[in-house]
Amino acid sequence: MGVELKVNLGKRSYPILIVSSCLPQLGRHLAALMPATRVFVVTNEVVGRLYGEQVTRALRDAGFEVLYRELPDGEKYKSLESAGELYTQALEGGLERQSAVVALGGGVIGDLAGFVAATYMRGIPFVQVPTTLLAQVDSSVGGKVAVNHPLGKNMIGCFYQPRLVFADVATLETLPLRELRAGLAEVIKYGVIQDEDFFEFLEENLERILGLDQDVLIEVVRRSCAIKAGIVEKDETERGLRAILNFGHTIGHALEVLTKYQVYRHGEAVAAGMVVAAAIAEEKGLCGQDLTMRLAGILEHARLPIRIPFKAEEIIEVLPRDKKAQGGRPRFVLPVALGQVVIDADVGREVIRSALERCQAKRGERF
Ligand code: NAD
Ligand code: GLY
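Calculation notes
- Residues numbered from 1 in each chain as written.
- Chains lettered and ligands numbered in written order.
- Predicted model: local features only at pLDDT ≥ 70, side-chain atom pairs only at ≥ 80, totals over all residues.
- Heavy atoms only, no water.
- Helix = DSSP H or I, 4+ residues; strand = E, 2+ residues; numbered from the N terminus.
- Buried < 20%, exposed > 50% of the residue type's maximum accessible area, 1.4 Å probe, protein only.
- Contact = heavy atoms within 4.5 Å.
- Areas by Shrake-Rupley, 256 points an atom, 1.4 Å probe, with all protein chains shown as cover.
- Lys, Arg positive; Asp, Glu negative; His and termini not counted.
- Charge placed at Lys NZ, Arg CZ, Asp CG, Glu CD.
- Axes fitted to C-alpha atoms, helices over the stretch in contact; angles between N-to-C directions.
- Parallel < 35°, antiparallel > 145°, perpendicular 65-115°, else oblique.
- Left-handed = near helix turned anticlockwise from the far one by under 90°.
- Nonpolar A, V, L, I, M, F, W, Y, C, P; charged D, E, K, R; others polar.
- Near = heavy atom within 4 Å.
- Polar contact = N/O pair within 3.5 Å; in protein donor to acceptor, adjacent residues only side chain to side chain.
- Pairing = 2+ DSSP bridges.
- Salt bridge = Lys/Arg side-chain N within 4 Å of Asp/Glu carboxyl O.
- Phe/Tyr/Trp six-rings, centres within 6.5 Å; stacked < 30°, edge-to-face > 60°.
- Lys NZ or Arg CZ within 6 Å of the ring centre and 35° of its normal.

Enquirer: Could you give me a rundown of the overall build of the chain, with the residues and numbers involved?
Expert: The helix and strand tally for the chain stands at 13 helices and 11 strands. If one aligns the C-alpha atoms of the chain with their principal axes, the spans along those axes are about 60 × 40 × 40 Å. Across the 367 residues in the chain, those meeting the buried criterion constitute 57%. Looking at the chain alone, contacts between residues at least 24 apart form 74% of all its contacts between residues at least 6 apart. On the chain, roughly 15900 Å² of surface is accessible, and the fraction owed to carbon and sulfur atoms is 49%. Computing the positive centroid from 44 side-chain charges and the negative centroid from 47, the chain places the two 4 Å apart.

Below you can see the structure in the form of structure tokens.
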């Protein structure tokens, strides 16, 4: 069971295979794509315990010599220090320019292992085997790789495309439900920014997604990746269009900063951020209330946060400023209809405040 997509980037084009219960076939697919003899599987302790052996065996059976590393679980290990440890193991294990790095895990492992692949010996091939919904629909596609710096998230990185994305939706069966829901926020985002039919599909199939129906999950990952690939193909290095993928992220980022990244999963903060962005669009007369209501409806149904537990001024204070915008105003991605957004760096303080007040959480509400 599975489908194949392609990200068309000339010489750096690559396939995305979306499958169910096919991890044992990973080695065969990789061998068909590149002549690597040695691969370095990078994962974490949680994912390694679940899938490390299956993946290692699949690669060995296909003739690869496998180096293997499990890092501790957590965002704080997406660091230069972890990268340093991986370089050492790679050098000691004889990883060469023709070898490949295989990232087995969520976005943390994908970003870190991708960064190591991009920089080790000036760049060696790498493969994404994403195991969270967020990684399958977003972080494994498009080539953004990075580690965090104590002064900022994702501050050290580059664009470096994988040679293959191998997304097995059966791995989502072991994913904590909260992580699945957080990934779903990014999926819903794709519907709003580019595809009204997909948004409707999600409204109709939400229960089947949360129930892990494998056919529906394959369709969800396929349509999400197709949208992201289409955007990346037009604007690989985010000079313009690619920024629409940041719908919900301006306010979402402020929520993450105010809570020191300790309260929200990224997708949860983005969910609440998307509702505020829709409310801003409404305030500016760009869209009607029906859009905000439908968006809030599906997010609430997915049990994602749609309200802001901070005063408007607290949020406004920490909004990232767009240096190119007049007066250093924050930049928003705003919906004008389901499936269509605009980038707007001209949203006044009063409009933001008014939208935030409309989305204010009641006292004692979770998030
Ligand atoms: P994550 O990688 O931390 O994974 C979430 C949790 O799920 C972890 O505890 C992990 O161990 C566990 N897990 C992963 N797969 C599992 C499985 N199949 N079964 C059971 N547990 C599993 O988080 P994430 O949400 O996947 O990724 C977040 C990271 O992605 C952030 O660092 C963010 O900056 C990055 N990101 C990158 C991009 C990009 O374009 N490169 C885009 C979005 C986010
Ligand atoms: N996750 C946003 C991007 O890949 O551009």
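Enquirer: Explain the environment of Gly27 to me, using residue names and the numbers behind them.
Expert: Tracing the backbone through its elements, the reader meets Gly27 in helix 1 (residues 26-33). Residues Gly27 and Arg60 lie 33 residues apart in sequence; the distance between their C-alpha atoms is 7.4 Å. Contact partners of Gly27, with chain neighbours within four places excluded, come to Ala58, Leu59, Ala62 and Phe64.

Enquirer: So what's going on with the packing of helix 6 (residues 177-194) against helix 8 (residues 214-234)? Residues and values would help.
Expert: Packing of helix 6 against helix 8 leaves a shortest axis separation of 10 Å and a crossing angle of 50°. On the basis of their axis angle, the class for helix 6 and helix 8 is oblique. You can see that helix 6 and helix 8 cross each other, and the crossing is left-handed. Residue-level inspection shows Val187, Tyr190, Ile193 and Gln194 of helix 6 in contact with helix 8, the latter providing Val220, Ser224, Ile227, Lys228 and Ile231. Class assignment for the residues of the contact of helix 6 with helix 8 results in six nonpolar, two polar and one charged.

Enquirer: Break down the site of ligand 1 for me, with residues and values.
Expert: In the region of ligand 1, 27 residues are neighbours, and Asp73, Glu75, Thr131, Thr132 and Thr174 sit closest. The contact in question runs from an oxygen atom of ligand 1 to an N or O atom on the backbone of Gly107, over 2.8 Å. The backbone of Lys144 places a nitrogen or oxygen atom 2.8 Å from a nitrogen atom of ligand 1. Taken by itself ligand 1 offers 860 Å² of open surface, and the protein chains cover 89% of this.

Enquirer: Let's hear about the site of ligand 2: which residues, and what values?
Expert: Ligand 2 sits among Asp138, Lys144, Lys228, Glu238, Arg242 and Leu245. Taking Asp138, its side chain carries an N or O atom lying 3.1 Å from a nitrogen atom of ligand 2. Note that an oxygen atom of ligand 2 is positioned 2.9 Å from one of the side-chain N or O atoms of Lys144. In the complex, 86% of the free accessible area of ligand 2, which totals 200 Å², lies under the protein chains. Tallied by class, the residues present in the shell around ligand 2 amount to one nonpolar, no polar and five charged.

Enquirer: Which residues make up the sheet that holds strand 2 (residues 14-19), and what values do they have?
Expert: In spatial order, the strands read 1-2-9-6-5-3-4; together these seven strands make up an open sheet with mixed pairing. Looking along the sheet, the strands with just one partner apiece sit at the ends: strand 1 (2-7) and strand 4 (65-71). The average angle at which neighbouring strand axes cross in this sheet is 15°, direction not considered. Across six bridges, the pairing between strand 1 and strand 2 is antiparallel. The residue of strand 2 that forms the bridge with Gly2 is Val19. Across the sheet, helix 2 (residues 45-61) lies against strand 3 (38-44), strand 4 and strand 5 (100-105), angled at about 175° from strand 4, the strand it touches most. Running at roughly 155° to strand 4, helix 3 (residues 80-92) makes contact with strand 3 and strand 4 of the sheet.

Enquirer: Now, about the pattern of salt bridges: what can you tell me, with residues and values included?
Expert: Under the counting rule described, the total for this entry stands at 24 salt bridges. The partner of Arg57 in a salt bridge is Glu53, and the shortest N-O contact between them spans 3.3 Å. Of this pair, Arg57 and Glu53 both sit in helix 2, four residues apart, roughly one helical turn. The exposure class assigned to Glu53 is exposed, which follows from its relative accessible area of 59%. The partner of Lys189 in a salt bridge is Glu186, with the nearest N and O atoms 2.9 Å apart. With a gap of three residues between them, Lys189 and Glu186 both fall in helix 6, about one helical turn apart. Here the salt bridges share partners, and the residues they tie into one network are Glu313, Glu317, Arg349, Glu350 and Arg353.

Enquirer: Outline unusual backbone geometry, supporting the account with residue identities and numerical values.
Expert: The phi dihedral of Leu212 is positive, around 65°, even though this residue is not glycine. Considering the arrangement of structural elements, one finds Leu212 in the loop between helix 7 (196-210) and helix 8. Look at Glu238: it is not a glycine, yet its phi comes out positive at around 55°. Looking at the element boundaries, Glu238 is found in the loop between helix 8 and helix 9 (249-258). The class for Glu238 is partly exposed, based on a relative accessible area of 26%.

Enquirer: Provide a residue-level description of the packing of aromatic side chains, including the pertinent values.
Expert: Aromatic rings in a pair are described by how distant their centres are and how their planes are angled relative to each other. A full pass over the atoms with the stated rule returns two aromatic pairs. Ring centres 6.2 Å apart and planes at 15° place the aromatic pair Phe126 and Tyr160 in the stacked group. Highlighted residues: Phe126 in strand 6 (residues 126-130) and Tyr160 in the loop between strand 8 (152-159) and strand 9 (164-168), separated in sequence by 34 residues. Classification of Phe126 as buried rests on a relative accessible area of 1%. Aromatic pair Phe198 and Phe201: ring centres 6.3 Å apart, planes at 20°, arrangement stacked. Residue Phe198 and its partner Phe201 are both found in helix 7; the two are separated by three residues, about one turn of the helix. Per residue, the accessibility class of Phe198 equals that of Phe201, and both read buried. The residue whose ring lies beneath Arg223 is Phe201, and the NZ or CZ to ring-centre distance is 5.4 Å.

Nothing here speaks to function; it is all geometry.
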